[in-house]
Amino acid sequence: MPLVERKDASAFEIVYDRHGGPAFSLAYRIVGDRQVAEEVTQEAFLSVWRSGARFDRARGSVRTWLLGVVRNRAIDVLRREAGRATTVSLELDTVPEQESRFEPTDAEALRREAGREVRGALGDLPEDQLKVVQLAYFGGLSHSEIADVLGMPLGTVKGRMRLAMEKMRATLAEGM
Amino acid sequence: MSDAGHTRWEDDLAAYLLDALSADESRAVERHLEDCARCRERARWLRPSVEMLPTSVEQLEPPPELRERLMRTARAEAAAPAAAAPRDTQVRAGRGWLDMLRAVPRPALALGVALIALAAVAGYGIGTRGDGTTTSTVSAQVDPALSGATATLERDGDSGILRVSGLPQRPGRIYEVWLAQGGEVRPAGLFQVDRSGRGAAAIAAGLDRAERVMVSLEPARGSAQPTTEPVVVADI
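The rules behind each value
- Residues numbered from 1 in each chain as written.
- Chains lettered and ligands numbered in written order.
- Predicted model: local features only at pLDDT ≥ 70, side-chain atom pairs only at ≥ 80, totals over all residues.
- Heavy atoms only, no water.
- Contact = heavy atoms within 4.5 Å.
- Buried area = accessible area lost by both parts, 1.4 Å probe.
- Salt bridge = Lys/Arg side-chain N within 4 Å of Asp/Glu carboxyl O.
- Buried < 20%, exposed > 50% of the residue type's maximum accessible area, 1.4 Å probe, protein only.
- Helix = DSSP H or I, 4+ residues; strand = E, 2+ residues; numbered from the N terminus.
- Arc of directions from axis to C-beta.
- Core = buried A, V, L, I, M, F, W, Y, C linked by side-chain atoms within 4.5 Å.
- Disulfide = S-S within 2.5 Å.
- Axes fitted to C-alpha atoms, helices over the stretch in contact; angles between N-to-C directions.
- Parallel < 35°, antiparallel > 145°, perpendicular 65-115°, else oblique.
- Left-handed = near helix turned anticlockwise from the far one by under 90°.
- Nonpolar A, V, L, I, M, F, W, Y, C, P; charged D, E, K, R; others polar.
- Pairing = 2+ DSSP bridges.
- pLDDT = per-residue confidence, 0-100.

1. Re the interface of chain B and chain A
- Taken together, the contact pairs 50 residues of chain B with 58 residues of chain A.
- Ranking the residues of chain B by area buried against chain A places B:Glu58, B:Leu60 and B:Glu61 at the top, with a combined share of 15%.
- One can count seven salt bridges joining chain B with chain A.
- Across the pair B:Arg69 and A:Glu38 runs a salt bridge whose closest N-O atoms are separated by 2.8 Å.

This is the structure we're talking about:
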């Protein structure tokens, strides 16, 4: 990232090659449209290219930071759309693999494998916990909005979020 | 604090990490974290649960055009270090620009604003790259007061690079690129020129929704809307 901050286009290329796939995939998962996902990814990477100095190594990995930028932009897009709460997918995996237009590269194959493992961990969550996590993270809904969508008390939503997070963390700690 | 009291914070902490709290609630959690080592440690422990979520999605291959556009933009901006980010916010043009864009018929544009005349020989070239993408080069109109200055827009689909030469350096000022369509003008980037008057600005996207690319001289940090008459105009 220091090279990107110094406007080294080759370094930027490496950053994109490492993280562009997960970034595009996350954007698509949130916005559900390839063209919009492409725009979101492009905006996110350009903002990184133009303000790489905002990256704080102490606060996490480049991947985590970049995906946070992508998520924020994708959620902004969602929030601009009316009636978003009713369009948020509750499915664990809404993107069939065959939808990819391209043959997977080795790197993508590895990413897919890792993704499958994480999805396995998520799949172990009780459905009611999984829903609140997905509505919050991929749908950009607040806890009170989720309570409205699911018709449940606010305390229940927050409690389920906590239980889900604890279970996911425990799965990670088991060396998944 | 009692365990019961902490259960409330633990619930809020999970929602906070999932970005599911209101701004006020988030600030309250952040204030609590400053004073509570137990919750800070819990936040540190839980955070990987959130970080795993983006990797849980089905992994797709991004379209190769996206990479090409990004790299082209990065290389152009690296070559013209002063080029800066376009603002995301769409803005309305100032009165003078609105008048120019709305009321003045296109052919009369150059004469109507008095400053602008055809200094460069108008031209339009079209080519096709190996991947089938159509590219074009447009010579722009440049303020005749800037003797010898030229500008070209190399368009590649929705993106492009505006190259200028012979523009004067203006200390404390910066050149700003605008995309115009109908009565609306959107900022599309900032650039400076070197001592020889050369400069370039990458336009990452938006040419498909623009009728005209323009450049004006603006205060050093750029403007949300044009504050001076354009010195370069390229009809696309």
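2. Quick notes on helix H7 (residues 143-150) of chain A
- Three or more residues of H7(A) are buried, namely A:His143, A:Ile146 and A:Ala147. Projected down its long axis, H7(A) carries its buried residues within an arc of 105°, all on one side.
- In this structure, the buried side of H7(A) is in contact with helix H6 (127-137) and helix H8 (154-173) of chain A together with helix H2 (23-35) of chain B.
- A:Gly151 lies just past H7(A) and shows a positive phi near 65°.

3. A look at the nonpolar core
- A:Met161 and B:Leu18 are the most contacted members of the largest nonpolar core, which has 71 residues in total.
- With 11 residues, helix H2 (residues 9-31) of chain A is the largest single contributor of residues to this core.

4. Let's talk about the state of the cysteines
Residue and element names in this part refer to chain B.
- For the structure shown, the criterion picks out zero disulfides over all chains.
- Here Cys36 stays unpaired: no disulfide links it, and the sulfur of Cys39, its closest cysteine neighbor, is 3.7 Å away.
- Its relative accessible area of 9% is what places Cys36 among the buried residues.
- A residue is classified by how much of its surface remains accessible, and Cys39, at 3% relative accessible area, is buried.

5. Thoughts on the packing of H2(A) against helix H4 (residues 62-80) of chain A
Residue and element names in this part refer to chain A.
- Contact pair H2 / H4: the axes reach a minimum separation of 9 Å and the direction vectors enclose 30°. By the angle between their axes, H2 is roughly parallel relative to H4. The element H2 and its partner H4 pack so that their crossing is right-handed. Across the interface between the two elements, Val15, Arg18, His19, Pro22, Ala23, Leu26, Ala27, Ile30 and Val31 from H2 touch Val62, Arg63, Leu66, Leu67, Val70, Arg71, Ala74, Ile75, Val77 and Leu78 from H4.
- Taken together, the residues that form the contact of H2 with H4 break down as 15 nonpolar, one polar and three charged.

6. Concerning unusual backbone geometry
- Phi at B:Asp19 is positive, roughly 60°, even though this residue is not glycine.
- Note that B:Asp19 resides in the loop between helix H1 (3-17) and H2.

7. Comments concerning the side chain of B:Glu10
- Relative to the elements of secondary structure, B:Glu10 occurs in helix H1.
- For B:Glu10, a relative accessible area of 14% corresponds to the buried category.
- The contact partners of B:Glu10, leaving out residues within four places of it in the chain, are A:Arg162, B:Arg38 and B:Arg42.

8. As for the side chain of B:Arg69
- With respect to the helices and strands, B:Arg69 occurs in helix H4 (residues 64-79).
- The residues contacting B:Arg69, other than those within four sequence positions of it, are A:Glu38, A:Gln42, B:Ser159 and B:Ala204.

9. Examining the pairing of strand E9 (residues 199-203) of chain B
- Burial within E9(B) is extensive, with five of its five residues counted as buried.
- Every second residue of E9(B) is oriented toward a common face, with B:Gly199, B:Ala201 and B:Ile203 on one face and B:Ala200 and B:Ala202 on the other, all of them buried.

10. A word on the environment of B:Glu229
All names here are of chain B.
- Among the structural elements, Glu229 can be located in the loop between strand E10 (212-219) and strand E11 (232-235).
- With a relative accessible area of 34%, Glu229 lands in the partly exposed category.
- Taking the C-alpha atoms as reference points, Glu229 and Asp143, separated by 86 residues in sequence, lie 9.6 Å from one another.

11. Some thoughts on the pairing of strand E5 (residues 150-156) of chain B
All names here are of chain B.
- Bridge analysis of E5 against strand E6 (residues 159-165) gives seven bridges, and the strand direction is antiparallel. Bridge pairing in E6 places Ala151 opposite Val164.
- Counted along the chain from E5 to the antiparallel partner E6, the turn is two residues long, and its residue Gly157 has a positive phi close to 65°.

12. A short note on the pattern of salt bridges
- Counted by the stated rule, this structure contains 17 salt bridges over all chains.
- Across the salt bridge formed by A:Arg160 and A:Asp128, the nearest N and O atoms sit 3.6 Å from each other. Pair noted here: A:Arg160 is in helix H8 and A:Asp128 is in helix H6, with a separation of 32 residues, a long-range link.
- Taking relative accessible area as the criterion, A:Arg160 reaches 21% and is therefore assigned partly exposed.
- When the shortest N-O distance is used, the salt bridge between B:Arg42 and A:Glu166 registers 2.3 Å. Here A:Glu166 lies in helix H8 and B:Arg42 lies in helix H3 (residues 37-51), a pairing that spans two chains.

13. What about the confidence of the model for chain B?
All names here are of chain B.
- In the predicted model, chain B carries a mean pLDDT of 75, and the fraction of residues at 70 or more is 74%.
- The weakest mean pLDDT in chain B belongs to strand E1 (residues 91-92) at 33; the strongest belongs to H2 at 91.
- Note that pLDDT drops below 50 for residues 82-124; the model gives that stretch 96 contacts with residues more than four away or on any other chain.

14. Structural notes on the packing of helix H3 (residues 34-50) of chain A against H4(B)
- Running from N to C, H3(A) and H4(B) cross one another at 25°; their axes reach a closest spacing of 10 Å. One way to sum up the angle between H3(A) and H4(B) is to call them roughly parallel. For the element pair H3(A) and H4(B), the recorded crossing hand is right-handed. Counting all contacts with H3(A), which are made through A:Glu38, A:Thr41, A:Gln42, A:Phe45, A:Leu46, A:Trp49 and A:Arg50, the residues of H4(B) involved are B:Leu66, B:Arg69, B:Leu70, B:Thr73, B:Ala74, B:Glu77 and B:Ala78.
- Of the residues that constitute the contact of H3(A) with H4(B), the class distribution is seven nonpolar, three polar and four charged.

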